[in-house]
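Listed here are the chains, written in short residue letters.
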Amino acid sequence: MEFSLYSPAKQLVDCIVENEQFQLFHFTQREQWQDNVLQYLYRLSMLYKNKTEFYVYEVQVLLVTLWLTMRKNLGLPAKCKESVASICMQKFLYYIAQHYAEELTLENIAASANVSKSACAKYFHLNLQTTPYKYLIEYRLSKAAELLQKTDQPISDIAFCTGFHQVSYFGKCFKEKTGYSPREYRRLERNNPT
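Student: It is not clear to me how a nonpolar patch on the surface should be interpreted in this structure. Could you clarify?
Tutor: On the surface, a nonpolar cluster with roughly 340 Å² of combined accessible area is contributed by F54, V56 and Y57. Take F54: it is sitting in the loop between α2 (32-49) and α3 (55-73). By relative accessible area, which is 47% here, F54 ends up partly exposed.

So this is what it looks like as structure tokens:
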């Protein structure tokens, strides 16, 4: 069952399940809260076996209660202080850096952090004030600029190996970004090395 992106319940769950330093918790039943969690799990299994018309709502109430109980009582490692948005952004940016030359979609980028497309777009807007698509284009253009400076590869090859499948679109984007065509940029960089 998935919680809404902005719900407090999702934050409770994410703080636990997305904390890479928190791998396992052993229930000893020495404390009342642990017994309560096990009872909630048992009740969830009973709800599944004996579904009523209120099944979905009963499950949601039990799940929220279960996660709240766990969050209140678990001592989580300090890493949990890092926001979910920050963790997702790291995953998005790493994924783009590894796959920028491929045909990427918003769905691919969002899936790299296991979030929805709308969450992905929201995190990019909040953290970088841009869209995933614009960031991808900027990243591709920066890689193309490096290749124009450091190699003698044909411009069409550079366009293709940086994820632009049309040379004319590459040229248009590059000129919008730098003020120069790829050929002019290469010539200027070669004449004025920094």
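And the narrative resumes.
Student: Mind showing me how you'd approach the confidence of the model for the protein here?
Tutor: Close inspection of predicted coordinates is inappropriate for parts of the model with low pLDDT. Confidence in the prediction of the protein, expressed as mean pLDDT, is 84, and 81% of residues score 70 or more. Contacts for the low-pLDDT stretch residues 1-6, under 50 throughout, to residues beyond four places or in other chains number 17 contacts.

Student: Whenever I open this one, the nonpolar core confuses me. Can you help?
Tutor: Soluble globular proteins tend to pack their nonpolar side chains together in the buried interior. Counting residues in each nonpolar core, the largest one holds 18 residues, and the members touching the most others are F92, I96, I109, V115, C120, Y123 and F124. Of all the elements in the fold, those that place two or more residues in this core are α4 (84-99), α5 (106-111), α6 (117-128) and α7 (132-150). Counting residues in each nonpolar core, the second largest holds 14 residues, with W33, V37, L62 and M70 among its members.

Student: Mind showing me how you'd approach the packing of aromatic side chains here?
Tutor: What describes a pair of aromatic rings is the distance from one ring centre to the other and the angle between the planes of the rings. Scanning all chains against the criterion turns up 8 aromatic pairs. Taken together, the ring pairs connect F92, Y100, F124, Y135 and Y139 into an aromatic cluster.

Student: Which parts of the structure should I look at to understand the pattern of salt bridges?
Tutor: Any two side chains of opposite charge can pair, on the condition that their charged atoms come close. For the coordinates displayed, the defined rule picks out 2 salt bridges. Between K177 and E138 there is a salt bridge whose closest N-O contact spans 2.8 Å. One end of the pair, K177, is in helix α9 (residues 167-178); the other, E138, is in helix α7, and 39 residues separate them in sequence. Accessibility expressed as a relative area gives 36% for E138, which makes it partly exposed. Between E176 and K172 there is a salt bridge, with the nearest N and O atoms lying 3.1 Å from each other. Of the two residues, E176 and K172 are both situated in helix α9; the distance of 4 residues between them amounts to about one turn of the helix.

Student: Explain the environment of L62 here, please?
Tutor: Here L62 is to be found in helix α3. The class of L62 is buried, set by a relative accessible area of 7%. Separated by 22 residues in sequence, L62 and Y40 have C-alpha atoms that sit 6.4 Å apart. Excluding residues within four positions of it along the chain, L62 makes contact with Y40, R43, L44 and L47.

Student: Quick question: what am I supposed to make of helix α10 (residues 182-191) here?
Tutor: An α-helical turn contains 3.6 residues, so any two residues separated by three or four positions project in the same direction. Inspection of α10 places P182, Y185 and R186 among the buried residues, and these make up the whole buried set. Down the axis, α10 shows its buried residues gathered within 100° of arc, on one side only. Opposite its buried face, α10 presents the exposed residues R183 and N191, each directed more than 90 degrees away. The elements touched by buried residues of α10 are α7, α8 (155-161) and α9.

Student: I keep staring at the side chain of T162 and nothing clicks. Help me out?
Tutor: Along the polypeptide, T162 turns up in the loop between α8 and α9. By relative accessible area, which is 0% here, T162 ends up buried. Within the structure, T162 has its side chain in polar contact with the backbone oxygen of I158 (distance 2.7 Å). With residues near it in sequence (within four places) discarded, T162 still touches Y100, A101, R140, K143, A144 and L147.

Parameters at a glance
- Residues numbered from 1 in each chain as written.
- Predicted model: local features only at pLDDT ≥ 70, side-chain atom pairs only at ≥ 80, totals over all residues.
- Heavy atoms only, no water.
- Patch = residues over 30% accessible without salt bridge, like charges linked within 9 Å, V, L, I, M, F, W, Y side chains within 5 Å.
- Areas by Shrake-Rupley, 256 points an atom, 1.4 Å probe, with all protein chains shown as cover.
- Salt bridge = Lys/Arg side-chain N within 4 Å of Asp/Glu carboxyl O.
- Helix = DSSP H or I, 4+ residues; strand = E, 2+ residues; numbered from the N terminus.
- Buried < 20%, exposed > 50% of the residue type's maximum accessible area, 1.4 Å probe, protein only.
- pLDDT = per-residue confidence, 0-100.
- Contact = heavy atoms within 4.5 Å.
- Core = buried A, V, L, I, M, F, W, Y, C linked by side-chain atoms within 4.5 Å.
- Phe/Tyr/Trp six-rings, centres within 6.5 Å; stacked < 30°, edge-to-face > 60°.
- Arc of directions from axis to C-beta.
- Polar contact = N/O pair within 3.5 Å; in protein donor to acceptor, adjacent residues only side chain to side chain.

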